Amino acid sequence: MIRVENIKKKLGSEDILKGISTVFEKGKTNLIIGQSGSGKTVLLKCLIGLFEPEEGRVYFEDRAIQDMNEDEHRTLREEIGMLFQGGALFDSMNIEENVMFPLRMFTKQKKSEMLGRVNEVLKRVNLENINKKYPAEISGGMQKRVSIARAIVNNPKYLFCDEPNSGLDPKTAIVIDNLIQEITHEYNITTVVVSHDMNSVMEIGEKIVFLKNGLLVWQGTNNEIFKTDNIDVTSFVYSSDLFKKIRDIQIKEQ
Amino acid sequence: MKYLEDIGSYFLMIKKVFSSPTKTSVLKELIFKEIDDLIIGSLGIVAFISFFVGGVVAIQTALNIDNPLIPEYLVGFATRQSIILEFAPTFISIIMAGKVGSFITSSIGSMRVTEQIDALEVMGINSLNYLIFPKIIALLFYPFVIAFAMFLGILGGWVAGVYGGFSTSDAFIQGLQKDFIPFHIIYAFIKTFVFAFILATVPSWQGYYMKGGALEVGKASTNSFVWTSVLIILSNYIITQLLLS
């Protein structure tokens, strides 16, 4: 479980986050959604420690990140897996080396043990026989899956995903969404996903946090989001014709 | 004000490069890779340029001697002095600022743009140590490149001088040995170590702290070459003033 209390963050002179408090629950896929520029990625970067908020606190279970010394910080980061928007695989390493990287850095396992674990997680994300390929030689969807494999190889307690569907076709995007949710349940980890994709909201949004202009304006589940009267949420959810039509059909049926 | 900020951030970067070291077994591999990329990979261009510039120095010296009172060994003498004192350490370092410096900036800059550096940081790895420390260690071997350039520059001078009919082999070799001051070699290698540190760190700083996309990576590479060259020339002046005057 991750708890954030009154997080405020500025970039330059601009207030990006204006006091956000919420809880990201364990064993669930928690989604941060909102329009571009609403502060989703900045909030995520505050959670993983890439940005230091001006005010507020972030608790991992009962450990406040602001109170941690350097060693505790390092230990926490070893418990974190991260899926970046572009995958962020290391170009100079092949797939096997990419996935093995956290194990090489943080464990004292023998190479054969590490290789076994790498093959296990690659199999888990439905990728086999690509160990010796380089990131540039595989598709965007496969890169995302390799990135998920790298994020979970060291059994993280927390998984963060920054727009995991960006640049993917709808079918592959659903595969990635489902994979994230399955892994969250299987390993009972706290997963936080930044997204502006309504399909992801419908598929995997077990808890949804909606941001607008740096403020948390609504939170709930994927079932609740379609019933809320909050004008900011409805204008975001029903911004596409498809969802408008679905809503109209539902109204007619009622 | 911006320059002061940049200087401050450069020195803070240097401090962080030497803190929170990466796991030794991983670091060892990274160092060997950097030696291959930065040192071994540069030998070809260094050999080519050194040999031919050495030849040009010998020919130009010979062609500018029209007084019969000037001894013939001056061709070898002038070639040796030019190559050892300036051409090999300084001129080759400027070329390396273009070759190695741009490579370092663009590779680190691309990692910044594609969030690979963020990935390292999120994993709890000191990305500055991971990326830059192996480059600094690899460039400790840079004096071997310069020694290689000195040898080939003088060899090029001898080949051009003797086979071009500008000097006899005996006279050229006599010139090479004439009034040799061993401290000049020490001076050249002291310069080389300073240039090696500049070559490893300035392009790294440019790449690590760049912001933006692919276009900015290109701009950072150009800035890297300019600033590395400026710092090499300035430090060359300071070291020469301190050690030779």
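Provided above is the structure to which this section pertains.
Criteria and cut-off values
Residues numbered from 1 in each chain as written. Chains lettered and ligands numbered in written order. Predicted model: local features only at pLDDT ≥ 70, side-chain atom pairs only at ≥ 80, totals over all residues. Heavy atoms only, no water. Helix = DSSP H or I, 4+ residues; strand = E, 2+ residues; numbered from the N terminus. Rg over C-alpha atoms; globule rule 2.2 N^0.38 Å. Buried < 20%, exposed > 50% of the residue type's maximum accessible area, 1.4 Å probe, protein only. Contact = heavy atoms within 4.5 Å. Areas by Shrake-Rupley, 256 points an atom, 1.4 Å probe, with all protein chains shown as cover. Lys, Arg positive; Asp, Glu negative; His and termini not counted. Charge placed at Lys NZ, Arg CZ, Asp CG, Glu CD. Core = buried A, V, L, I, M, F, W, Y, C linked by side-chain atoms within 4.5 Å. Buried area = accessible area lost by both parts, 1.4 Å probe. Salt bridge = Lys/Arg side-chain N within 4 Å of Asp/Glu carboxyl O.

Caption draft 1: How the structure looks around the overall build of chain A. Looking only at helices and strands, one finds nine helices and ten strands in chain A. Against the compact-globule benchmark of 18 Å for 254 residues, chain A has a radius of gyration of 19 Å, which places it among compact chains. Each principal axis of the C-alpha atoms in chain A carries an extent, and together these give about 60 × 45 × 30 Å. Buried residues in chain A amount to 50% of all 254 residues. Long-range contacts, defined as pairs at least 24 residues apart, comprise 66% of the intrachain contacts of chain A with a sequence gap of at least 6. Total accessible area on chain A stands at roughly 11,900 Å², and carbon and sulfur atoms take up 46% of it. The distance from the centre of the 34 positive side-chain charges to the centre of the 37 negative ones in chain A is 2 Å.

Caption draft 2: Geometry of the side chain of Lys144(A). With respect to the helices, strands and loops of the structure, Lys144(A) is situated in helix H5 (residues 140-152). If near-sequence neighbours (up to four positions away) are discounted, Lys144(A) is found in contact with Leu83(A), Phe84(A), Gln85(A), Gly86(A), Gly87(A), Glu163(A), Pro164(A), Asn165(A), Ser166(A), Leu168(A) and Ile176(A).

Caption draft 3: Inspection of the nonpolar core at higher detail. Phe160(A), Tyr130(B) and Tyr142(B) are the most contacted members of the largest nonpolar core, which totals 91 residues. Sorting elements by how many residues they give to this core places helix H4 (residues 74-113) of chain B first, with twelve residues. Counting 44 residues, the second-largest nonpolar core is a separate cluster that includes Ile95(A), Ile130(A), Ile180(A) and Met198(A).

Caption draft 4: The arrangement of the side chain of Gln181(A) in detail. Tracing the sequence through the fold places Gln181(A) in helix H6 (residues 170-187). Ignoring any residue separated from it by four or fewer positions in sequence, one finds Gln181(A) in contact with Thr29(A), Glu203(A), Ile204(A) and Glu206(A).

Caption draft 5: A look at the interface of chain A and chain B. The interface is formed by 26 residues belonging to chain A together with 18 residues belonging to chain B. Between chain A and chain B lies a buried interface of about 1,800 Å² when both sides are counted; carbon and sulfur atoms form 60% of it. In terms of surface lost to chain B, no three residues of chain A exceed Arg77(A), Arg104(A) and Met105(A), which account for 30% of the buried area on that side. In this structure, the connection of chain A to chain B is made through two salt bridges. Salt-bridge contacts for Arg77(A) lead to Glu121(B); the nearest nitrogen and oxygen are separated by 3.9 Å.

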